[in-house]
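Each chain, letter by letter, is given below.
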Amino acid sequence: MPRPIQATIHTDALRHNLARARTAAGDARVWAVVKANAYGHGIERAFAGLRGADGFALLDLNEAERVRALGWRGPVLLLEGVFEQRDLELCSRLDLWHTVHCDAQIDMLAIHKTNLPHRVFLKMNSGMNRLGFSPERYRSAWTRLNLLPQVDEISLITHFSDADGPRGIAEALAVFNAVTADLPGERSVANSAATLRHTPGGPLQQPALAAQVAGDWVRPGIAIYGSAPDFPAYSAADWGLQPAMTLAAKIIATQDLHTGASVGYGSSFVADQAMRIGVVACGYADGYPRICPTGTPVLVDGVRTRTLGRVSMDMLAVDLTPVPQAHIGSVATLWGRAANGMVLPIDEVAQMAGTVGYELMCALAQRVPVVVE
């Protein structure tokens, strides 16, 4: 028998979350961001739920080839652009749009031989200080691109550093708008947090800015996979999002503890009364965070309870006090949707591990079987 652990990708949830982003975006078109193998969900597994998007945004050429192999003929955007001169040849062959964020990428385009000019997205560094031209150099970069016969349409793009927090986007958006005010081209500035929080339908929108935030394209990533981009200020439920991934495993043993008995390596949990625990076939080698402490939420047969002690490589322990009927074979939902409809948000588990839902999704181990429903 296979080991009793499984991840499930929920196609209906992907469709729902994409529709939620589209509603927030108003008239803007929607990129489905599928970088990092669709945030750990698998591009091929997520495609059916996301094919209603207007385009797919991703990181590298391998991911772009996979999207094209699935039959997608619409826009595909390389969010970091090309890394080598020869990458442009594949961009031409696969009809890929690509970001330009530095002089070296303009230099590559200038010597690229192509019969079909490229659609590029010129990136501004509006405060993130990762990729992009500074506001002072942005227009000169646009002029260079505009003079190249290898370039067709130039779109304008930036990425907000604080769309998910109290600092907000007003300052960065003002810089972007001031520099690009009279430049032609479509605009894309909103990631998941900006799309949900600051576009016309968002609770933090400023009427004078909301339509500008939506722009021509929004780029939801984590939101379409059912995680809140600004947790814990807002939860996935607050945004009307559904979990697109469930990680579940079965209880493979139970133990009856007496007062003073400990659980797991290091005896970090010691029972203060007699209790019953379950041992679940999931550990850090499956992608569950080893750092999760006692008290991390888990659902057993759809009932909320907690983990106990340290997470091991292949197992973790759960408190069966709230679910006395649990037995060997009972299902522990580590995150996602239980059979009875109860949901354990991945963000809650990530918070206990001191990280974000993105990391847990991307860390799902290859040894975990995955099914699509």
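Description of the structure in this document. (Residues numbered from 1 in each chain as written. Predicted model: local features only at pLDDT ≥ 70, side-chain atom pairs only at ≥ 80, totals over all residues. Heavy atoms only, no water.)

### Quick look at the nonpolar core
Core analysis: the largest hydrophobic core is formed by 107 residues, its most contacted members being L50 and L145. Excluding its chain neighbours within four sequence positions, the residues that come into contact with L145 are V100, I106, L109, V120, L122, V151 and I154. Within the second largest apolar cluster, nine residues are counted, among which are L257, A261, F269 and I277. (Core = buried A, V, L, I, M, F, W, Y, C linked by side-chain atoms within 4.5 Å. Buried < 20%, exposed > 50% of the residue type's maximum accessible area, 1.4 Å probe, protein only. Contact = heavy atoms within 4.5 Å.)

### Let's talk about the environment of R86
Its location among the elements puts R86 in the loop between β4 (76-78) and α5 (87-94). C-alpha of R86 to C-alpha of H112: the two residues are 26 residues apart in sequence and 8.6 Å apart in space. There is a polar contact of 2.9 Å between the side chain of R86 and the side chain of E84. (Helix = DSSP H or I, 4+ residues; strand = E, 2+ residues; numbered from the N terminus. Polar contact = N/O pair within 3.5 Å; in protein donor to acceptor, adjacent residues only side chain to side chain.)

### What to know about the pairing of strand β13 (residues 275-280)
With five of its six residues buried, β13 lies for the most part within the structure. Alignment of strand β10 (residues 245-257) against β13, held across six bridges, turns out to be antiparallel. The residue of β13 that forms the bridge with T254 is G278. Here four bridges tie β13 to strand β16 (residues 316-319), and the two strands are oriented antiparallel to one another. Following the sheet pairing, G278 is matched in β16 by V318. (Pairing = 2+ DSSP bridges.)

### Comments concerning the pairing of strand β6 (residues 118-124)
Of all seven residues in β6, seven are buried, a share of seventy percent or more. Going residue by residue along β6, you find H118, V120, L122 and M124 tucked away on one face and R119, F121 and K123 tucked away on the opposite face as well. Pairing geometry for strand β5 (residues 97-100) and β6, over three bridges, is parallel. For V100, the partnering residue across the bridge sits in β6 and is L122. Viewed along the sheet, the connection from β5 through helix α6 (residues 103-110) into β6 turns out right-handed. Direction of pairing for β6 relative to strand β7 (residues 151-158): parallel, over a ladder of six bridges. If you follow M124 over to β7, its bridge partner there is T158. Regarding the hand of the β-α-β motif, the stretch spanning β6, helix α7 (residues 135-146) and β7 is right-handed. (Right-handed = clockwise from strand over helix to strand, strands pointing away.)

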